[in-house]
Amino acid sequence: MCGIVGYIGESQAAPILLEGLSKLEYRGYDSAGIAVYDGENIKVQKAVGRLKVLSEMTHDGATMQGVVGIGHTRWATHGAPSNTNAHPHYNQAETIVVVHNGIIENYMKLRKRLETKGYQFLSETDTEVVAHLLDYYYKGEPLEAITKIMHRVEGSYALGIIFKDHPEQVYAVRKDSPLIVGHGKDGNLIASDVPAVLKYTRNVYFILNEEIAVLTKETIGFYNVDGEEIQKECTTIDWDINAAEKGGYEHFMLKEMYEQPQTVRDTLNPRIKEGSIVIEELGMSDEEIQKISKIHIVACGSAYHVGVTAKYVFEGMARIPVEVDLASEFRYRNPILEKDALVIIISQSGETADSLAALREAKIRGVKTLGIVNVVGSSIAREADKVMYTWAGPEIAVATTKAYSAQLIATYLLAVKFAQVRGEVLEEEVTGILKDLQKLPEQIEMLLSHKEKIQRFANRYIAAKDVFFVGRGIDYAISMEGSLKLKEISYIHSEAYAAGELKHGTISLIEEGTLVAAVVTQEDLYKKTISNIVELRSRGAFVLAVTNTGNTEIQKAADYVIYIPQTNRYFTNSLAIIPLQLFSYYVSVGKGCDVDKPRNLAKSVTVE
Ligand code: F6R
């Protein structure tokens, strides 16, 4: 998730841009850059790494004189973190400069077209397409060029733009990526988020989808995608700065849970084209996919739990045998890897020491490797033969939520693709499967909107000593993640069990009132898990069931039921995990734990 700041006014722009960008550092970034109009030209300075490097390079902005500018912190998506890929990006004549947050989904197509018209690209970014496309449509009227590109560009974007011919204006436009306008006393600002402008003003306009803002040093005008002027209301911000960095949420974890619908969309949408799944980055021919003899999924923690789910999905849909390993085990167990095996390493950070070592182990043995990674340019992304990125943006809370959800989606996409290529699903079935995938974001939104109900339930369990999570099949995989979420952020002892395994030992731990969360989303296993629930309740357990809408049978067996919407049986994890995340979160809040930074844990585990 990149950060955007823009300024036009009476003061020097560069120090204001740097200050504003520093307030967006929480969003995560790996390079930064600013562009300032110096009275003659638009000058750009960029630096890889911390914002401090850019500040030092420009003597806190003093070397970039001018009262109009835009700035950017980049979280790499298309192309590794580098000076060339850092924003702002110019058109060829350096008369238009652009900063961008979001993902241009059709950038490859646009890039190819522009290249045939003689445009030369310097970076690997999707953003540079916007600069050249603006150039292509620009005939002296910036607003006209902007509305034209809005009809051509697909995906999500928040853009800050300066035209050298119109240096008395800064342009801003958004679709599905946040952007606000601040109305200050000695100038106006744009930013990805409120904290960046709070030092200068509390009067803010929220730009909505497909709206354009045109800022001069005194005025702000708003336009729709047809270039017609629209009226907007100014909001006065009364939050403190810390709350503002979390977008008004109490914790990053809550904010990130709420970002899940968007994360799922961003991971999914660019890979569904004209009704079929296109995973260009996989770089495997149909023949190679058909030849895969076995998949090994290797990961740690929550990413491992994604692997456990994926095993059911790959085996069920694509009929490919799957082994799932904890990376710390895989690397030392001398695994047997067939020559046509595919090793998939799943990692949010791309830097987890054990996962990286497992990847290297697989490579030494000469098998094909694929990384499912969130951080672009990270070690696993660089070293895996192929990399499929999850577009979750930076995750700040130590306990993963949105990256986990994005990883699930990546594995579903692969499984459906493999199933299709190997003839395990019919073409007509694929349409239904894709529809179910595309419904997930709004279904997640709906589940998140029931947070109060789960909060009330969670408040009853803040003093719990032990909690158990049970399920069968995919529901067992969901239970593992539900259990990890609870223990890591609330410090309550918790275990996940395959529901049928309880009676082989663990059931002796059940006492009067012990909470057991039973996940029951696999229709063919309803009856089996319900009989486990009955066993548990007869020993005093209080059973919370998470099940599909329509499973009324369970109401007789469980004490409390949370329903999730209907989806494909292989995708239920993406929905059932939402109430479990919310439950853990509210138990942790209720206990007064440090939700975002639980004790003894680090976000990226770079040691063995
Ligand atoms: C739990 C959690 C961890 C990570 C694990 C792997 O909430 O976040 O269990 O999933 O440390 O990290 P990555 O995905 O960065 O390899």
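Residues numbered from 1 in each chain as written. Predicted model: local features only at pLDDT ≥ 70, side-chain atom pairs only at ≥ 80, totals over all residues. Heavy atoms only, no water.

**Comments concerning the packing of helix α14 (residues 402-421) against helix α20 (residues 572-591)**
Phase 1 of the analysis: For the pair α14 and α20, interaxial distance at closest approach is 10 Å and the crossing angle is 170°. Relative to α20, the element α14 lies roughly antiparallel. On the side of α14, the interface is formed by Tyr404, Ser405, Leu408, Ile409 and Tyr412, while α20 contributes Asn573, Ser574, Ile577 and Gln581.
Phase 2 of the analysis: Considering only residue class, the contact of α14 with α20 consists of five nonpolar, four polar and no charged. (Axes fitted to C-alpha atoms, helices over the stretch in contact; angles between N-to-C directions. Helix = DSSP H or I, 4+ residues; strand = E, 2+ residues; numbered from the N terminus. Parallel < 35°, antiparallel > 145°, perpendicular 65-115°, else oblique. Contact = heavy atoms within 4.5 Å. Nonpolar A, V, L, I, M, F, W, Y, C, P; charged D, E, K, R; others polar.)

**A look at the sheet that holds strand β26 (residues 542-548)**
Phase 1 of the analysis: With respect to topology, five strands assemble into an open sheet ordered β24-β23-β25-β26-β27, the strand pairing being parallel. Every other strand in the sheet has two partners, leaving β24 (493-498) and β27 (560-564) as the edge strands with one partner each. Shown here is a sheet whose adjacent strand axes are inclined to one another by a mean of 20°, direction ignored.
Phase 2 of the analysis: With six bridges connecting them, strand β23 (residues 466-471) and β24 associate as parallel partners. Bridging across to β24, Gly471 finds its partner in Ala498.
Phase 3 of the analysis: Sheet strands in contact with helix α17 (residues 474-490) are β23, β24 and β25 (515-520), and its direction is about 175° off that of β24. (Pairing = 2+ DSSP bridges.)

**Let's talk about helix α1 (residues 13-22)**
Phase 1 of the analysis: When you tally the buried positions in α1, you get seven out of 10 residues, the bulk of the element.
Phase 2 of the analysis: Listing the buried residues of α1 in full gives Ala13, Ala14, Ile16, Leu17, Leu18, Gly20 and Leu21.
Phase 3 of the analysis: Elements that come into contact with the buried residues of α1 comprise β1 (3-9), β2 (31-37), α2 (51-57), β4 (68-74) and β10 (187-191). (Buried < 20%, exposed > 50% of the residue type's maximum accessible area, 1.4 Å probe, protein only.)

**Describing the packing of aromatic side chains**
Phase 1 of the analysis: Evaluation of the coordinates by the stated rule reveals 15 aromatic pairs.
Phase 2 of the analysis: Note on Tyr249 and Tyr258: the rings are 5.4 Å apart at their centroids and 35° apart in plane angle, and the pair reads as tilted.
Phase 3 of the analysis: Their ring planes at 35° and their centres at 4.5 Å tell us that Phe457 and Tyr560 sit as a pair that is tilted. Taken together, the residues span a long stretch of sequence, with Phe457 in helix α16 (residues 451-459) and Tyr560 in strand β27 at a distance of 103 residues.
Phase 4 of the analysis: Judged by its relative accessible area of 2%, Phe457 falls in the buried class.
Phase 5 of the analysis: Each member of the aromatic cluster is reached from another via a ring pair, and the members are Phe457, Tyr461, Phe542, Tyr560 and Phe583.
Phase 6 of the analysis: Above the face of the Tyr570 ring, Arg569 is positioned so that its terminal group lies 5.5 Å from the ring centre.
Phase 7 of the analysis: One cation-aromatic arrangement involves Arg599 over Tyr491; the distance from NZ or CZ to the ring centre is 3.8 Å. (Phe/Tyr/Trp six-rings, centres within 6.5 Å; stacked < 30°, edge-to-face > 60°. Lys NZ or Arg CZ within 6 Å of the ring centre and 35° of its normal.)

**Digging into the site of the ligand**
Phase 1 of the analysis: In the vicinity of the ligand, 14 residues are found, and the nearest of them are Ser347, Gln348, Ser349, Thr352 and Glu488.
Phase 2 of the analysis: Between the ligand and Ser347, the relevant distance is 2.6 Å, taken from an oxygen atom to a side-chain nitrogen or oxygen of the residue.
Phase 3 of the analysis: The side chain of Ser349 places a nitrogen or oxygen atom 2.6 Å from an oxygen atom of the ligand.
Phase 4 of the analysis: Where the shell around the ligand is concerned, the elements lending two or more residues are α10 (301-318) and α17. (Near = heavy atom within 4 Å. Polar contact = N/O pair within 3.5 Å; in protein donor to acceptor, adjacent residues only side chain to side chain.)

**A short note on α10**
Phase 1 of the analysis: An ideal rise of 1.5 Å per residue puts 26 Å on 18 residues; α10 measures up with 25 Å between its terminal C-alpha atoms.
Phase 2 of the analysis: α10 sits mainly inside the fold: 13 of its 18 residues count as buried.
Phase 3 of the analysis: Directly beyond the C-terminal end of α10, a positive phi value near 55° is found at Arg319. (Expected span 1.5 Å × (residues − 1).)

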